[in-house]
Amino acid sequence: MDDLEKAILILFDEWGGPIDEGLKKQAKDYCDENKEKPLICSVCIEKLCFSNSVQVQFWCLQTLHEVIRVRYSSMSLDEKFFIRKSVFSFACLEAIDEKNVARVLEGPAFIKNKLAQVLVTLIYFEYQLIWPSVFVDFMPHLSKGAVVIDMFCRVLNALDEEVISLDYPRTSGELEAAGRIKDAMRHQCISQIVRAWYDIVSLYRNSDQELCTSVLESMKRYISWIDIGLIVNDAFLPLLFDIVLAVGLLEQFRGAAAGCLLAVVSKRMESQAKLSLLQSLQISRVFGLVAEDGDSELVSSIATLLTGYAQEVLECFKRLNSEEAKSVSMELLNEALPSVFYVMRNCEVDASFSIVQFLSSYVGTMRSLSPLREKQLVHVGHILEVIRAQICYDPTYRNNLDILDKIGREEQDRMVEFRKDLFVLLRNVGRVAPDVTQVFIRNVLVSSVASSPDRNVEEVEAALALFYALGESVSEDSMRSGSGLLSELVVMLLSTRFPCHSHRLVALAYLETVTRYMKHVQENTQYIPIVLTAFLDERGIHHPNINVSRRASYLFMRVVKLLKVKLVPFIEKILQNLQDTVAQFTSMDYASKDHSGCEDGSHIFEAIGLLIGMEDVPLEKQSEYLSALLTPLCQQVEALLMNAKLLSPEEAPAKIAIIQQIIVAINSLSKGFSERLVTTSRPAIGLMFKQTLDVLLQVLVVYPKIEPLRIKVTSFIHRMVDTLGASVFPYLPKALEQLLAESEPKEMVGFLLLLNQIICKFNTLFHDILEEVFPTIAGRIFNVIPRDAFPSGPGTNTEEIRELQELQRTLYTFLHVITTHKLSSVFLSPKSTPFLDPIMQLLLFSSCHHKDILVRKGCIQIFITLIKDWCASPYSEEKVPGFQGFIIEHFATNCCLYSVLDRSFEFRDANTYVLFGEIVLAQKVMYEKFGDAFLRHFLSKGFPAAHCSQDLAEQYCQRLQGNDIKALKSFYQSHIENLRMQQNGSLVFR
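Calculation rules
Residues numbered from 1 in each chain as written. Predicted model: local features only at pLDDT ≥ 70, side-chain atom pairs only at ≥ 80, totals over all residues. Heavy atoms only, no water. Helix = DSSP H or I, 4+ residues; strand = E, 2+ residues; numbered from the N terminus. Rg over C-alpha atoms; globule rule 2.2 N^0.38 Å. Buried < 20%, exposed > 50% of the residue type's maximum accessible area, 1.4 Å probe, protein only. Contact = heavy atoms within 4.5 Å. Areas by Shrake-Rupley, 256 points an atom, 1.4 Å probe, with all protein chains shown as cover. Patch = residues over 30% accessible without salt bridge, like charges linked within 9 Å, V, L, I, M, F, W, Y side chains within 5 Å. Salt bridge = Lys/Arg side-chain N within 4 Å of Asp/Glu carboxyl O. Lys, Arg positive; Asp, Glu negative; His and termini not counted. Charge placed at Lys NZ, Arg CZ, Asp CG, Glu CD. Axes fitted to C-alpha atoms, helices over the stretch in contact; angles between N-to-C directions. Parallel < 35°, antiparallel > 145°, perpendicular 65-115°, else oblique. Left-handed = near helix turned anticlockwise from the far one by under 90°. Core = buried A, V, L, I, M, F, W, Y, C linked by side-chain atoms within 4.5 Å. Arc of directions from axis to C-beta. Polar contact = N/O pair within 3.5 Å; in protein donor to acceptor, adjacent residues only side chain to side chain. UniProt positions renumbered as here; feature names shortened; annotations may be inferred. pLDDT = per-residue confidence, 0-100. Disulfide = S-S within 2.5 Å. Phe/Tyr/Trp six-rings, centres within 6.5 Å; stacked < 30°, edge-to-face > 60°. Lys NZ or Arg CZ within 6 Å of the ring centre and 35° of its normal.

(A) Geometry of the overall build of the protein chain. Across its full length, the protein chain carries 47 helices and 0 strands. For the protein chain, whose C-alpha radius of gyration is 41 Å, the value lies well above the compact-globule estimate of 30 Å for 990 residues. Overall, the protein chain is about 115 × 80 × 75 Å in size when its C-alpha atoms are taken along their principal axes. By residue count, 54% of the 990 residues in the protein chain fall in the buried class. Considering only intrachain contacts with a sequence separation of at least 6, the fraction spanning at least 24 residues in the protein chain is 73%. Split by element, the accessible area of the protein chain, about 44,400 Å² in all, is 52% carbon and sulfur.

What follows is the structure, given as structure tokens:
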């Protein structure tokens, strides 16, 4: 054993005893050095002749492969000949010379595969110009038996994988080489290879079935590009079918024959020729094999063959137009479909075959066959059964899905995604054959109720999911009238009590489905009591699973919204049934639970509010209902606030959580009451909400720094602004004072949003209150936000910076709302004037440089409004001293000229182009309000700095003084683009 062999063994950890990393690195370096030597190919071939070590053999073959790929063009003719002769001799079990008989083929599979890879690399470079006889030369050696035949299969497999197959990405050079090799093989030797395949399989089919399997699996790769007549003939095709149908043969062998038939079926060709081929195959003889054993490898191969065959027949039907061709295609398809449906329901389908895609395509063909014939109607039933089987959950996950742990959530998410296309298919089937679909769903509902406990949950949930999905294909008129079996199905749904209703999946599916068909109940009010029972008993709001209960509350609220006045006779019953739920919502136990997400259980209060807030409810009853809800809730809050100072730090969080829950409940309850009802028609109801607001504002006094409580109270004030209208005014000063007292930047955002709502609702009526609070707001905000840009770069994307950026964005909106609602005089009050300059500077900077185009547009709109508000007409006395000068000297030139000259101002961007329109409008307004004062400064200071010619300046004046704003905009854009070209990037204005 020489040093190289020792190094190879060390490299592969095959040297006796422990090997440290240092020695291993030395061995690797030594091997790499040898790879670079000129005679390395000779060394490798010699070692392949003599060494019995598979590690040495593998390293030598790997090295040969690398060297040929990298150095082939620089090798001498003699070296190429020697490598070619040696490698071919190894593959054919020949002696290299009189003394050396290579034993590589005696090695394990990975050695033979690597040898095949080396030989294919030579074929890539040398076939057909240099070595045209490689395949022909191999043929005589096949008579040496299984070892050489196996090697020949490996070579063909490697040729497909390394060169020919399009399943792998190829360079243009590789594609060209593949084309060259295929053309040469077709012309020279493929018929001989096919003959060899046939002879080998015929000879060895009883004695060496594993070898025959290898041959057929190799052959399958080549059928797609060789002459189909070499396989589809009176010799080979019967042989393949014989093997597939022969009961005593190895399943792998029969499966390989089925794979070859699939390759024949899938071969690309003209549609009419393909149809003739498919018809001639008489493939129905293998249909029965899929029912032998659902888990076997053979059945999987037959299943793939059948689905592939059906796909090809369907394509022929779609592509061919003659009546005869369509008739033949449909006949073949009808013959195959029962077996295909069986495969879809019971077998593992090949990943390349999309069940949904195939069935959707087939359902699409049914539209041209209206009315459907009996066979098609039977097929529709099979399709529906396939859909039902596919959408069923695996019982393995039943408990996970009930408690919805991590595994359950993952399985639910997977199934939601998986079902999407299946439900689209169901809806298409429902449109093509509505009666069959409805009968199927009725039968599935009936059978699922009676199904065995080990499948009960999954069967029922699938049945409900089918019925739910069907609703999307039903027109609104059909839904209301209950056409077909729909009315019967809805009644069955409402009156059925499923034995597995306690399971989360079933309960949710049931409630969602009932809600989906509520428009039918809306037209058929006799079902309302059954619906209410379903929602109010243990199937819905009183379900033991809290997630189901909360979802039921939300869905019940939707039902109430839909049925509205039709529920008035049932209000007493509903409220009685919900007493415990209402009480539980504000209990210690419930408040401590997780309320993240939109379904926190509060929708039950919204539902109650919608019920009792209708004008159809008598005033006395309405007052009684509302008082029964609000009074205990307010008393509970007052008691909790009274004892707040006595609470220990451990007790306080639980009590605060209860207050939060109460505020959420009252907030939701108030959504059912309109402003007209509480202020005009029934002011006594409004008084109850005012009293409630009084109580809840005390929360801000007792707990001024508890952020969640402040947020909840703010949300309630939002509601009261909408509900109480102008009658909320007496409460606003106190409320705003309390909210402003302890607000952090993040809370200030919510505060500004509240003010925006109030301003938008009341306009100038809010002037005095806004004038009072604005200085404090401005002082707080300008104390924390920068006057220009936020810092950028590493370490600046902190939560604090993001909060301040959000506050600044909300401030822009706030200022915009103030100015556009005729409240700009607030900026001029004695207490606010110290903030006028910071506001103007911020707006100026942002209108020129802010990254958000929409913010820039908003800032310019603010300036336009202020110019209109504060500047009466040219030459009149200034209302705001210094404002006109600021606009002309700073805003006009910086924003309306320099900012648009910057090449970052992209006219092709839609938002930027809208911003440009505001900039042009601002110039028009400035000219109308300031006259020549604006023009003089703009033309004498701005245009010369931008190197604008006198002629263009005069044209600008003419356009500005005209009445056509579109023409002005078009001219100014052209003007700016010309100025940019003149500058050629040499000037950047800031």
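(B) Structural view of a negative patch on the surface. Together, Glu217, Glu251, Glu292 and Glu297 give the surface a local cluster of negative charge. As for its placement among the helices and strands, Glu217 is situated in helix 11 (residues 209-222). By relative accessible area, Glu217 is classed as partly exposed at 39%.

(C) Structural view of the packing of helix 39 (residues 767-784) against helix 40 (residues 799-820). Two numbers describe how helix 39 lies on helix 40: the axes approach to 11 Å, and their chain directions differ by 150°. By the angle between their directions, the pair helix 39 and helix 40 is classed as roughly antiparallel. The handedness of the crossing between helix 39 and helix 40 comes out as left-handed. Where helix 39 abuts helix 40, its residues Leu770, Phe774, Ile777, Ile781, Phe782 and Val784 lie against Leu804, Leu807, Leu811, Phe814, Leu815 and Ile818.

(D) The arrangement of the nonpolar core in detail. The biggest cluster of nonpolar side chains holds 360 residues, and the ones touching the most others in it are Met185, Phe556, Ile612 and Phe766. Residues in contact with Ile612, not counting those within four places in the same chain, are Ile571, Leu575, Val617, Gln622, Tyr625, Leu626, Leu629, Leu669 and Phe673.

(E) Spatial organisation of the side chain of Arg388. Checked against the element boundaries, Arg388 lands in helix 18 (residues 374-391). Overall, Arg388 belongs to the buried group, its relative accessible area being 13%. Not counting chain neighbours up to four residues away, the residues in contact with Arg388 comprise Phe440, Val444, Glu459, Ala462 and Leu466.

(F) Fine view of the pattern of salt bridges. This model, assessed by the stated rule, comprises 43 salt bridges. Ionic pairing is found between Lys28 and Asp32, a salt bridge with its closest N-O pair at 2.9 Å. Note that Lys28 and Asp32 are positioned in helix 2 (residues 21-35) at a spacing of 4 residues, about one turn of the helix. Taking the relative accessible area as the measure of exposure, Lys28 reaches 42% and is therefore partly exposed. Of the charged contacts, one joins Asp537 and Arg497 as a salt bridge, the two residues approaching to 2.9 Å between their closest N and O atoms.

(G) Summary view of the packing of helix 6 (residues 109-126) against helix 8 (residues 146-164). For the pair helix 6 and helix 8, interaxial distance at closest approach is 8 Å and the crossing angle is 60°. As summarised for this structure, helix 6 and helix 8 are arranged oblique, according to the angle between their axes. Between helix 6 and helix 8 the crossing geometry is right-handed. Every residue of helix 8 that contacts helix 6 at Ala109, Lys112, Asn113, Leu115, Ala116, Gln117, Leu119, Val120, Ile123 and Tyr124 is listed here: Asp150, Met151, Arg154, Val155, Ala158, Leu159, Glu162 and Val163.

(H) Summary view of unusual backbone geometry. Cis geometry marks the peptide bond from Tyr127 to Gln128, where omega comes out at 15°. Among the secondary structure elements, Gln128 is positioned in the loop between helix 6 and helix 7 (134-138). With a phi angle near 40°, Lys564 is a residue other than glycine that sits in the positive phi range. Following the sequence through the fold, Lys564 ends up in the loop between helix 28 (546-563) and helix 29 (571-585).

(I) The arrangement of helix 14 (residues 271-281) in detail. Regarding helix 14, the residues found buried are Ser271, Lys274, Leu275, Leu277, Leu278 and Leu281. In an axial view of helix 14, the angular spread of the buried residues amounts to 160°, which keeps them on one side of the axis. In the core, the buried residues of helix 14 are packed alongside helix 12 (236-245), helix 13 (251-266), helix 15 (297-319) and helix 16 (323-346). At the N-terminal boundary of helix 14, the capping side chain belongs to Glu270, with an oxygen 3.1 Å from the backbone nitrogen of Gln272. Phi turns positive one or two residues past the end of helix 14, at Gln282, with a value near 50°.

(J) Layout of the side chain of Gln412. Along the chain, Gln412 falls in helix 20 (residues 406-432). A relative accessible area of 19% means that Gln412 is categorised as buried. Among residues more than four places away in sequence, those in contact with Gln412 are Tyr393, Leu401, Leu404, Arg504 and Leu505.

(K) Quick look at the environment of Ser133. For Ser133, the location among the structural elements is in the loop between helix 6 and helix 7. Sequence separation of Ser133 and Ser475 is 342 residues, and the distance between their C-alpha atoms is 70 Å.

(L) Molecular detail of helix 12. Counting buried positions along helix 12 yields 7 of 10 residues, so the element is predominantly enclosed. Among all positions of helix 12, only Phe236, Leu237, Leu239, Leu240, Phe241, Ile243 and Val244 are buried. Looking at the buried positions of helix 12, the neighbouring elements they touch are helix 10 (190-204), helix 11, helix 13, helix 14 and helix 15.

(M) Representation of the UniProt feature "domain: Exportin-1/Importin-beta-like" (unreviewed entry) in the protein chain. In the numbering used here, UniProt assigns the "domain: Exportin-1/Importin-beta-like" (unreviewed entry) feature to residues 108-261. End-to-end, the C-alpha atoms of residues 108-261 are 31 Å apart, and along that stretch the chain is 71% helix and 0% strand.

(N) Up close: the confidence of the model for the protein chain. Averaged over all residues, the pLDDT of the protein chain is 91; the fraction at 70 or higher stands at 96%. Per-residue pLDDT stays below 50 along residues 985-990; that stretch engages in 13 contacts with residues further than four places along the chain or on separate chains.

(O) Main features of the state of the cysteines. Taken as a whole and assessed by the stated rule, the structure comprises 0 disulfides. Just so you know, Cys848 is unpaired, no disulfide at all, and the nearest cysteine sulfur is the one on Cys895, 4.6 Å from it. The exposure class assigned to Cys848 is buried, which follows from its relative accessible area of 7%.

(P) View of the packing of aromatic side chains. The tally for this structure, following the rule as stated, stands at 34 aromatic pairs. With a centroid separation of 4.2 Å and 20° between ring planes, the pair formed by Phe467 and Tyr517 is classed as stacked. With Phe467 in helix 22 (residues 453-470) and Tyr517 in the loop between helix 25 (504-516) and helix 26 (518-523), this residue pair connects regions lying 50 residues apart in the sequence. Look at Phe938 and Tyr956: their rings are 5.7 Å apart centre to centre, the planes differ by 45°, and that puts the pair in the tilted class. A residue pair is termed long-range when its members are at least 10 positions apart, and Phe938 in helix 45 (residues 932-945) and Tyr956 in helix 46 (residues 950-961) qualify at 18 residues. Judged by relative accessible area, Tyr956 falls into the buried class, the value being 0%. Taking NZ or CZ as reference, Lys326 lies 4.1 Å from the ring centre of Phe317, over its face. The residue whose ring lies beneath Arg414 is Phe418, and the NZ or CZ to ring-centre distance is 5.9 Å.

(Q) Focus on the environment of Gly885. Following the sequence through the fold, Gly885 ends up in helix 43 (residues 883-901). For the pair Gly885 and Phe934, spaced 49 residues apart in sequence, the C-alpha separation works out to 9.1 Å.

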